[in-house]
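Topology and contacts: notes
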Amino acid sequence: MPEDDIEVYIQKSREQAERLNSGVKDFTVFDLNHIPDKPLIREEVKKIVDVFVRYHQTGIPRNLLIAGARGSGKTLTLKYLAKTFSGKLGLPFHAVNCRVHNTSFKALAHMLKVRPRGYSYSELCTRFEEQIPDKAVIVLDEVDMLSEKDFRKDILYFLSRSVRRFNVVLLSNNPKFVNTLDESTRSSLQPDLLVFRNYSAVEIHEILQERARVGLHSSDDAILAEISALVARNTNSDIRVAIRTLLYVVTHEASSVAECFDQARHDIMGDMLQNLNDKALLVLRSAVDDPTGFVKQVYTRYCQLSRTMGEDPYSYYYFYSNLAFLQSVGLLMLVSAKVDRAYTNRIHPLVSKEQIDAVMTARFRPE
Ligand SMILES: Nc1ncnc2c1ncn2[C@@H]1O[C@H](COP(=O)(O)OP(=O)(O)O)[C@@H](O)[C@H]1O
Ligand SMILES: [Mg+2]
């Protein structure tokens, strides 16, 4: 292409991008990690506030397990409370995402802001108690993603037994996470369970209105209501899909609201696939491959596939809890089915083989 042409092309492309983006005042509002100044405060948040206020006054912790589907606002709520409490009351929060820092060792090192190499695990624990001596809230986000290898989940044992009496908050998709812990950890941690139910269409609508107010030049309330209804009906009320749909509508990503919604859901599922660990990806792939979808058959297939890929397969127990996880993030559905007069679970994947393969080929490329 001659130089002149490319200049003309750049100019045209810029004009088009500007036209498409002209409805947006502030793109950061559409970032999935964005913490709004005024989040919708759900009823359950008051209980959490009460726990922290009492802990601040008495120093007696009450550990919490906050469970809820993906996109139900767990991470956002704790980040928002951290900001408010550390500012107003001087109660410090230390948080770590256990999917990213997936062993007790890495999680502690992350909160201490040190490199994990060069320390033993017990040295890290000692340092933790020295450096974080006062009352502090410790948040372990996506705690169910601590590695299977870290089978005793030492960090939970350490935090719950520490003389420093930290107030521990666990965030998880799985309300039964505590059942996976060994007896001694469970009995010293004893978290109160708080479940974030799925947002209603009305709540989704309110959240979208606030995003639109801050992030857009103008918005059509009927469209916000349409998006909210689609998201409440067809996802686990995943706010991330709602926010992405709104962005696509405003930037004319597709011609109708319904198409923008489909596209948003597809893209968010794609992000989620990218973030799955290798084993969960293989579980999902085996589910897609198995024509029956019966859990036991999928497990057999999964073991075979893992071996071909040079991965150690999960035990049946971990395989099963991974299915529950994949369900909670909206990648599959478990449906009870009657076979030979007994009930068994059948897996319905909610992503296509093509989507999974795209991630797998990138990841399991031969050396
Ligand atoms: N109550 C709320 N008010 C405003 N935005 C929210 C609210 N709950 C969730 N969101 C937004 O939805 C997205 C997903 O929330 P997040 O806290 O990451 O969910 P979870 O941790 O439960 O998966 C984020 O962009 C967040 O800002
Ligand atoms: Mg989260």
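Residues numbered from 1 in each chain as written. Chains lettered and ligands numbered in written order. Predicted model: local features only at pLDDT ≥ 70, side-chain atom pairs only at ≥ 80, totals over all residues. Heavy atoms only, no water.

Taken in spatial order, the five strands make up an open sheet running S2-S3-S4-S1-S5, and their pairing is parallel. The open sheet is flanked by strand S2 (93-97) and strand S5 (192-196), the only strands paired with a single partner. Strand-to-strand twist in this sheet, taken as the mean axis angle between neighbours without regard to direction, amounts to 15°. On top of the sheet, helix H3 (residues 74-88) reaches strand S1 (64-68), S2, strand S3 (137-141), strand S4 (167-172) and S5; it is set at about 155° to S4, its chief contact. Along the sheet face, helix H4 (residues 104-112) touches S2 and S3 and points at about 135° away from the line of S2. (Pairing = 2+ DSSP bridges. Helix = DSSP H or I, 4+ residues; strand = E, 2+ residues; numbered from the N terminus. Axes fitted to C-alpha atoms, helices over the stretch in contact; angles between N-to-C directions. Contact = heavy atoms within 4.5 Å.)

A separate point is the site of ligand 1. The environment of ligand 1 is made up of 19 residues, and the closest members are Leu40, Gly71, Thr75, Leu76 and Tyr199. One of the backbone N or O atoms of His34 is found 3.0 Å from an oxygen atom in ligand 1. Contact distances for ligand 1 include 2.7 Å between a nitrogen atom and a side-chain N or O atom of Tyr199. Here ligand 1 loses 92% of its free accessible area of 560 Å² to cover by the protein chains. Assessed atom by atom at 2 Å from the grid points, ligand 1 resides in the largest pocket. (Near = heavy atom within 4 Å. Polar contact = N/O pair within 3.5 Å; in protein donor to acceptor, adjacent residues only side chain to side chain. Areas by Shrake-Rupley, 256 points an atom, 1.4 Å probe, with all protein chains shown as cover. 1 Å grid on protein atoms, 1.4 Å probe; cavity = no way out; pocket = protein on both sides within 12 Å on 5 of 7 lines; lining within 4 Å. Sits in = over half its atoms within 2 Å of the grid points.)

In this structure, the largest pocket spans a volume of roughly 1,000 Å³. Ranked by the residues each element gives to the lining of the largest pocket, the list is headed by H3, at six residues. Here the residues of the lining of the largest pocket are counted per class, giving 20 nonpolar, eleven polar and 14 charged. Per-domain counts for the lining of the largest pocket show at least three residues from each of domain 1 (44-196) and domain 2 (199-273). By volume, the second largest pocket amounts to about 690 Å³. Among the secondary structure elements, those contributing two or more residues to the lining of the second largest pocket are helix H12 (278-289) and helix H14 (316-328). With six residues, the single largest contributor to the lining of the second largest pocket is H14. Residues that form the lining of the second largest pocket fall into these classes: ten nonpolar, nine polar and eight charged. Looking at the lining of the second largest pocket, you find at least three residues from each of domain 1 (44-196) and domain 3 (276-363). (Points joined across faces, edges and corners; volume = space filled by probe spheres on them. Nonpolar A, V, L, I, M, F, W, Y, C, P; charged D, E, K, R; others polar. Domains from an automatic or database assignment.)

Taken by themselves, the reported measurements are silent on function.
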